[in-house]
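# Examining the three-dimensional arrangement
The chain contents come next:
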Amino acid sequence: MKLKTSIISIALGAVLVALGVCAFVESPSAAPAPAPTPALLLNAAGATFPYPIYSKWFTEYNRIHPDIQINYNSIGSGGGIRQLQAGTVDFGASDAPMTDKQLSDNKVPVLHFPTVLGAVVPTYNLEGVNQDLNFSGEVLADIFIGKVTKWNDPALATINKGVSLPNTDIIVVHRSDGSGTSFVWTDYLSKVSKEWETKVGRNTSVNWPVGLGGKGNEGVAGLVKQQPGSIGYVELVYAVQNKLPYGQVRNSSGAFEKANLAGVTAAAASEAKRIPPDFRVSITNASGKTAYPICSFTYLLIPSKIDDPAKKKAIKDFLHWMLVDGQNDAEGLSYARLPKDVVAKELKAIAQIN
Amino acid sequence: MTNAPTAVDRARFSWRARQFIRKLRHGDEVAHLITLLAAASIIVVTLMLVYQLYINSALPRHKFGFEFFTGRTWDPVSEEFGALPFIYGTVVSSALALLVAVPLGVGAAIFLSELAPARISNYLTFVIELLAAIPSVIYGLLGIFILVPVLRKVVMPFLKQTLGFLPLFKGPMYGVSMLAGGLVLAIMIVPFIISVSRDVLMAVPVEQREAALGLGATKWESTWQVVVPFAKVGIMASVFLALARALGETMAVTMVIGNDPKISASLFAPGYSIAAVIANEFTEATGDMYLQSLIYLGLVLFLLTILINGLARLVIIATTQKGAQAQ
């Protein structure tokens, strides 16, 4: 009797567990069903770098249009692209443009819309040096590849005349987490140094030849603050808000530029003619005279075909508002606004969504 | 040869049914079913986890094969992936943590259960259990802001001066290092060892202690030669619980270990652990090969945990048998 009943219960148990498993397997990544609201709910996910301004835009847009609500998950550019490919979000966001392969993997063609510009700056901790240091792309590449190892290296001394550089080791600090910031930094180093391009290359994370890894901007900044003689890179926004010292970088016209929002917009403006119709372009090492060389667009990734007419209209209207009115919010949050030419091009591109 | 159900059959059936319903009413069957479900679900979840890790790491398994375990390069640009530096970092940081935490934890547990006055023991145990509830990111922050500077300015120069001839204590002193990772882990796992070991020691029957004292043993002799051996298996279990936490710890380790996938004999050099690299790179990993290599690392960590726990069980079995033979 005991055996029979326990067989029955085991079978029952197995069935129940299997049912649970089936429910789990059927919908591995389905987003939780939105609560029944009268408003139109749009889901988006992606880059963390522009999160502060996106969150301000989406809140403000919701205030103007109470019937439209946009949820943004700042899970990282890679996650944004993956969720867009899986169709679990209405649109994505990424710091680096999607690669050709990623685009061809997507069922629906994806359009790139630049939203704001970000810049990356070299930050350092050098006791006894009070003025801003000058860097060139070549020197930065050599430092990060491990060829320039002392602060008083002739390569640094010649572009920092009048500064008494100490004879101490350079400690390199880089991001340990994958990030758009690392992409912009390694993209710039790849453009200015052939050796960097062939040995290391550009990506959201790379095989760093030397150095310590810190997690996030705060991790890099924390390590640099603690280690005398260290150099790292952080986003301009982060450096400004946390009052970190950062150096000037020589642009391709030979001028040493300290990163500021105007210089970043100038870099994008000087490249505006070169920008392809799909906006997928790197603007590091830009040609303008006052351009700051280490900067990039950050993008919204919009499917070119949206079936739901209400969603399509909402997304198009939002893009228009973001390009015309939303840009005015950028500088208050330490993001560089888009140059006029780029805004004009994007306004035309909105028509491609259908 | 089918027979129509006889009256006996029917009677037997209805008897069984009544029996079943009676048991059901008494709760036996319900309890049986619920606990069985609980047990089955854990096994199912574990199997599904392994299955998912296995399925989703097909690309690197086919491309690298066994070389994934011996490769020392982790290059997302050229998509060349080897796990050895991460395996090394995980094992060394956890071993270092145990080396520090076991004597400290077991010592504290012996004090709390055997020597300390009951009131003090209760207060201290409360504080220790609070420690176990602190999120790991807090340990990481304390590691960055307190432990790492102290290591760089005080501990590392001291070690270099006194033991610098050993390869373990050579090289530049950044503070963030394998040593820092191991120490933060040690701090994190000590509460587990103390808490569980103390409970195990307290559970040793009072008669054991009284018998030892009655034979003329001192307090310490009774503790060390009777109580601790009696609780040995339980203490080891606490160590394995702590080890499991150390192997899988992510946030606190990545904040202080330096995140550099290189194998170095020196504890001053930065390292990297499996859990840390997954946490760091998963969100921005876009290519299939890259993403699946990270998932493959997850599978490797799982296998590593099974391997280490298996070895640990063997150690327990071996030592308890030896003890039994001695007696």
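Residues numbered from 1 in each chain as written. Chains lettered and ligands numbered in written order. Predicted model: local features only at pLDDT ≥ 70, side-chain atom pairs only at ≥ 80, totals over all residues. Heavy atoms only, no water.

## Some points on the overall build of chain B
Scanning chain B from terminus to terminus reveals 14 helices and two strands. Taking 327 residues into account, the globule formula puts the C-alpha radius of gyration at 20 Å, and chain B, at 26 Å, lies well above it. Dimensions of chain B, computed from C-alpha atoms along their principal axes, come out at roughly 90 × 70 × 40 Å. Buried positions account for 41% of the 327 residues belonging to chain B. In chain B, 73% of the contacts between residues at least 6 apart in sequence involve partners at least 24 apart. Taken as a whole, chain B presents about 17300 Å² of accessible surface, with 71% of it coming from carbon and sulfur. Separation between the mean location of the 23 positive side-chain charges and that of the 18 negative ones in chain B comes to 7 Å. (Helix = DSSP H or I, 4+ residues; strand = E, 2+ residues; numbered from the N terminus. Rg over C-alpha atoms; globule rule 2.2 N^0.38 Å. Buried < 20%, exposed > 50% of the residue type's maximum accessible area, 1.4 Å probe, protein only. Contact = heavy atoms within 4.5 Å. Areas by Shrake-Rupley, 256 points an atom, 1.4 Å probe, with all protein chains shown as cover. Lys, Arg positive; Asp, Glu negative; His and termini not counted. Charge placed at Lys NZ, Arg CZ, Asp CG, Glu CD.)

## Overview of the sheet that holds strand E1 (residues 40-46) of chain A
Where strands meet in a sheet, backbone hydrogen bonds hold them as pairs that are either parallel or antiparallel. Residues and elements named next belong to chain A. Spatially, E2-E1-E3-E11-E4-E8-E6-E7 is the arrangement adopted by the eight strands of the open sheet, whose pairing is mixed. Edge positions in the open sheet fall to strand E2 (68-73) and strand E7 (212-214), since each of these has one partner strand only. Strand after strand, the sheet turns through a mean of 25° between neighbouring axes, direction not considered. Of the strand pairs in this sheet, strand E3 (residues 91-94) and strand E11 (residues 295-303) are connected by three bridges, and their pairing is antiparallel. Of the residues in E11, the one forming a bridge with Ser94 is Tyr299. The strands touched by helix H5 (residues 137-145) are strand E4 (110-125), strand E6 (171-175) and strand E8 (230-235); relative to E8, the strand with the most contacts, the crossing angle is about 115°. (Pairing = 2+ DSSP bridges. Axes fitted to C-alpha atoms, helices over the stretch in contact; angles between N-to-C directions.)

## Description of a nonpolar patch on the surface
Residues and elements named next belong to chain B. A cluster of nonpolar side chains, namely Val137, Ile138, Leu141, Leu142, Phe145, Ile146, Val150 and Val154, defines an oily patch on the protein surface of about 690 Å² accessible area. Here Val154 is to be found in helix H7 (residues 136-163). According to the relative accessible area criterion, Val154 is exposed, its value standing at 53%. (Patch = residues over 30% accessible without salt bridge, like charges linked within 9 Å, V, L, I, M, F, W, Y side chains within 5 Å. Salt bridge = Lys/Arg side-chain N within 4 Å of Asp/Glu carboxyl O.)

## Comments concerning the environment of Gln52(B)
Within the secondary structure, Gln52(B) sits in helix H2 (residues 28-55). Distance from Gln52(B) to Ile317(B), taken between C-alpha atoms, is 32 Å for residues 265 residues apart in sequence.

## Topic: the pattern of salt bridges
All names here are of chain A. Scanning the model with the defined rule gives 20 salt bridges over all chains in all. The partner of Glu197 in a salt bridge is Lys194, and the shortest N-O contact between them spans 3.0 Å. Pair noted here: Glu197 and Lys194 are both in helix H8 (residues 194-199), with a separation of three residues, about one helical turn. The exposure class of Glu197 is partly exposed, given its relative accessible area of 31%. Judged by relative accessible area, Lys194 falls into the exposed class, the value being 61%.

## Concerning the nonpolar core
With 158 residues, the main nonpolar core has Phe144(A) and Phe297(A) as its most contacted residues. Ranked by size, the runner-up nonpolar core spans 26 residues in total, among them Phe64(B), Ile278(B), Met289(B) and Leu301(B). (Core = buried A, V, L, I, M, F, W, Y, C linked by side-chain atoms within 4.5 Å.)

## Thoughts on the interface of chain B and chain A
Counting from both sides, the interface comprises 43 residues of chain B and, opposite them, 46 residues of chain A. Between chain B and chain A, a total of about 3400 Å² is buried, with carbon and sulfur atoms accounting for 57% of that surface. Of all residues in chain B, Val77(B), Glu284(B) and Thr286(B) give up the largest surface area on contact with chain A, accounting jointly for 17% of the area buried on that side. Across the contact surface, chain B and chain A share zero salt bridges. (Buried area = accessible area lost by both parts, 1.4 Å probe.)

## Structural notes on the sheet that holds strand E5 (residues 134-135) of chain A
Residue and element names in this part refer to chain A. If you trace the three strands from one edge of the open sheet to the other, you get E5-E9-E10, paired in mixed fashion. Edge positions in the sheet fall to E5 and strand E10 (256-257), since each has one partner strand and no second. For E5 and strand E9 (residues 248-250), the ladder comprises two bridges, and the chain directions are parallel. Looking across to E9, one finds that Phe135 is bridged to Val249.

## Re the pairing of E3(A)
Residue and element names in this part refer to chain A. Going residue by residue along E3, you find Phe91 and Ala93 tucked away on one face and Gly92 and Ser94 tucked away on the opposite face as well. Here three bridges tie E1 to E3, and the two strands are oriented parallel to one another. The partner of Ala45 across the bridge, within E3, is Gly92.

## Describing the confidence of the model for chain A
Averaged over every residue, the pLDDT of chain A is 87; residues scoring 70 or more account for 89%. Low pLDDT, under 50, characterises residues 15-36 of chain A; the predicted model gives this stretch ten contacts beyond four residues in sequence or across chains. (pLDDT = per-residue confidence, 0-100.)

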